[in-house]
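The lines below spell out each chain.
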Amino acid sequence: MRGVDVGALTTLLAVAALAGWVDAVVGGGGLLLLPALLVAAPGVPVATALGTNKLAAIFGTSTAAVTYARRTKLDWVVAGPAAGLAVVTAGLGAALAGAVPAGAYRPVVLVVLVAVAVFVLTRPRLGVVAAPSRRTRARVVAAVVVAGLGIALYDGLIGPGTGTFLVLAFTALVGADFVHASAMAKVVNAGTNLGALVVFGASGHVWWALGAAMAVCNVAGAAVGARMALRRGAGFVRVVLLVVVLALVARLGYDQWTAR
């Protein structure tokens, strides 16, 4: 395929499957797939890597969303409006992706991720058991705004960690447990991927053949990940969440250090 040899393609397909699994459980698959794309195709524009990643990811997140919807009750009052907003907002972010250097966001994202890790570690019961008392009208509105505007804009601009941020937002704001928060996150993430993909595709920043091949593997990983999260429960998702957040911190910290 264009710009990628057979060995690199094999690696990309394997990483796409693993990224699908991570995304389905707790989000953050872009942490794996985007760097893999940039390494496999040296010189590829960042916007093209982002667009190709979105093509693979939208199939994986959609598969995970359908799997969750069939096996657990989704909070559509939150997930529906947030996903609708996310399509537009992520598209706006994608349109701006080439104009704003990722390095401008990296320090802020690092601080947020460290705060997330501390927040989860110091609240061992957070997300393990649902807290329906938190689900007030004001908090529902806040969750829709944070997910559909703030996090969706970030996804269009940069991407990695979006699913993780969504899970934490739904857990902290409306008291969802981690499994149900992951289910809602997949619905919204499918919206962000769609909005960004339309913009990247229209501007010629998608390698369609490569993205389609990765999508097949991403779907397989997502199907396994969603079923595993549903079977093993919120405690399992919490552990994966912490691992992914710490990995994001390590990756972004390394990028920030080497960029100096």
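Structural data are supplied above this passage.
Attention in this report is confined to the structure presented alongside it. What you see is a predicted model, and the numbers here were worked out from it, not measured in a lab.

### Re a nonpolar patch on the surface
Here is step 1: A cluster of nonpolar side chains, L85, V141, V145 and L149, forms an exposed patch at the surface whose accessible area comes to about 290 Å².
Here is step 2: A per-element tally of the nonpolar patch places helix α6 (residues 137–157) first, with 3 residues.
Here is step 3: Note on placement: V141 falls in helix α6.

### So, the side chain of T72
Here is step 1: Among the secondary structure elements, T72 is positioned in the loop between α3 (46–71) and α4 (76–96).
Here is step 2: The exposure class of T72 is buried, given its relative accessible area of 16%.
Here is step 3: A polar side-chain atom of T72 sits 2.8 Å from a polar atom in the side chain of H180.
Here is step 4: Setting aside anything within four residues of it in sequence, one finds T72 in contact with H180, A183 and L230.

### Thoughts on the side chain of T67
Here is step 1: Here T67 is to be found in helix α3.
Here is step 2: Judged by relative accessible area, which is 8%, T67 ranks as buried.
Here is step 3: When residues no more than four places from it in sequence are discounted, the contact partners of T67 are A226, R227 and L230.

The rules we used
Residues numbered from 1 in each chain as written. Predicted model: local features only at pLDDT ≥ 70, side-chain atom pairs only at ≥ 80, totals over all residues. Heavy atoms only, no water. Patch = residues over 30% accessible without salt bridge, like charges linked within 9 Å, V, L, I, M, F, W, Y side chains within 5 Å. Areas by Shrake-Rupley, 256 points an atom, 1.4 Å probe, with all protein chains shown as cover. Salt bridge = Lys/Arg side-chain N within 4 Å of Asp/Glu carboxyl O. Helix = DSSP H or I, 4+ residues; strand = E, 2+ residues; numbered from the N terminus. Buried < 20%, exposed > 50% of the residue type's maximum accessible area, 1.4 Å probe, protein only. Polar contact = N/O pair within 3.5 Å; in protein donor to acceptor, adjacent residues only side chain to side chain. Contact = heavy atoms within 4.5 Å.

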